[in-house]
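These are the residues of each chain, in order.
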Amino acid sequence: MADVLTPEQRRLNMSRIRGRDTKPELVLRKSLHAAGFRYRLHARELPGRPDMVFPRFRAAIFVHGCFWHGHDCPMFKMPGTRQEFWSAKISGNRARDQRKAAQLEAAGWRILTVWECSVKGPARRPKDDVAASCADFLRGDEQHGEIAGRWPAKLVE
Ligand SMILES: [Zn+2]
């Protein structure tokens, strides 16, 4: 499979994905704030420390890096070296994400996952499109939502 990221992009991804206040997250926050939504950031008392919490809508948003959280999309590309290490690391992250989501849900929260590929990179959606999907989720009553990039189907196996 073709490498979709240059080494430079990957280095940036790997350094940023883990941290808070990543650029995609900041862009999304700005849009939601402009649309009138108010939220709390990185609520430490909640399982998984959601990136944004909207108490009024009983909803939490996670902005997940595709590599770090093992998204099934072309932005996820296993590094060429130390594959066992990365594979174990990412499986562990995914298991933890699921566990934390279950705990949050049990506490009555609705959960929206915004994947990095929806806001950044070749498959990103228009900024307003992502924010509008978030707004729909917040105002709606679905328990789970997920926003991912628009990859051509043949790229996602
Ligand atoms: Zn992705």
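What you see as residue numbers is a count from 1 along each chain, following the sequence as written. The predicted nature of this model means local features are confined to residues of pLDDT at least 70 and side-chain atom pairs, given and counted, to a pLDDT of 80 or more, with totals for whole chains, interfaces and linings taken over all residues. Excluded from the side-chain calculation are hydrogens and water; included are all heavy atoms of the structure.

Caption draft 1: Just the nonpolar core, in detail. Among the nonpolar cores identified, the biggest contains 18 residues, and Leu28, Leu32, Phe54, Ile61, Val114 and Cys134 are the most heavily contacted of them. For this core, the secondary-structure elements that each account for two or more residues are helix H2 (23-34), strand S2 (52-54), strand S3 (59-64), strand S4 (110-115) and helix H4 (127-139). Among the elements that line this core, the one with the most residues is H4, at six residues. By definition in these notes, contact holds between two residues if any of their heavy atoms fall within 4.5 Å. Those residues in contact with Leu32, other than ones at most four positions away along the chain, are Phe37, Tyr39, Met52, Phe54, Ile61, Ala131, Cys134 and Ala135. Think of a nonpolar core as a cluster: buried Ala, Val, Leu, Ile, Met, Phe, Trp, Tyr and Cys residues, connected wherever their side-chain atoms sit within 4.5 Å. Here the term buried applies to any residue with accessible area under 20% of the maximum for its type, exposed to any over 50%, and partly exposed to those in between, with areas from a 1.4 Å probe on protein chains only. Core analysis: the next-biggest nonpolar cluster, separate from the first, contains eight residues, Ala43, Ala60, Phe62 and Trp109 among them. Secondary structure elements are taken from DSSP: a helix is a run of H or I of four residues or more, a strand is a run of E of two residues or more, and numbering for both begins at the N terminus.

Caption draft 2: Representation of the packing of aromatic side chains. Each pair of aromatic rings taken from Phe, Tyr and Trp, with Trp reduced to its six-membered ring, is defined by centres within 6.5 Å and is described as stacked if the planes are under 30 degrees apart, edge-to-face if over 60, and tilted in the remaining cases. Inspection of every chain in the model, using the stated rule, returns eight aromatic pairs. Geometrically, the ring pair formed by Phe67 and Trp68 is tilted, given 6.4 Å between the ring centres and 45° between the ring planes. For the pair Phe67 and Trp68, a shared accessibility class is recorded, and that class is buried. Aromatic ring contacts, followed pair by pair, group Phe67, Trp68, Phe76, Phe85 and Trp86 into a single cluster.

Caption draft 3: Broad picture of the coordination of the zinc ion. Distances up to 2.8 Å from the metal define which N, O and S atoms are donors, and 3.2 Å serves for Na, K and Ca; water is absent from the atom set, so sites may look incomplete. Note on the zinc ion: its protein donors are Cys66 (SG), His71 (ND1), Cys73 (SG) and Cys117 (SG). The metal-donor distances range over 2.0 to 2.4 Å. Just to be clear on the cut-offs, tetrahedral is four donors with all angles between 85 and 135 degrees, square planar is four donors and octahedral six with opposite donors over 155 degrees apart and all others between 65 and 115, and anything else goes down as irregular. For the zinc ion, the four donor atoms in the first shell make angles of 103 to 114° at the metal, a pattern classed as tetrahedral. Here the donor residues of the zinc ion share one chain and are spaced in sequence as C-x4-H-x1-C-x43-C. Overall, the relative accessible area of 0% leaves Cys66 in the buried class. In this structure Cys73 comes out as buried when scored by relative accessible area, which is 7%.

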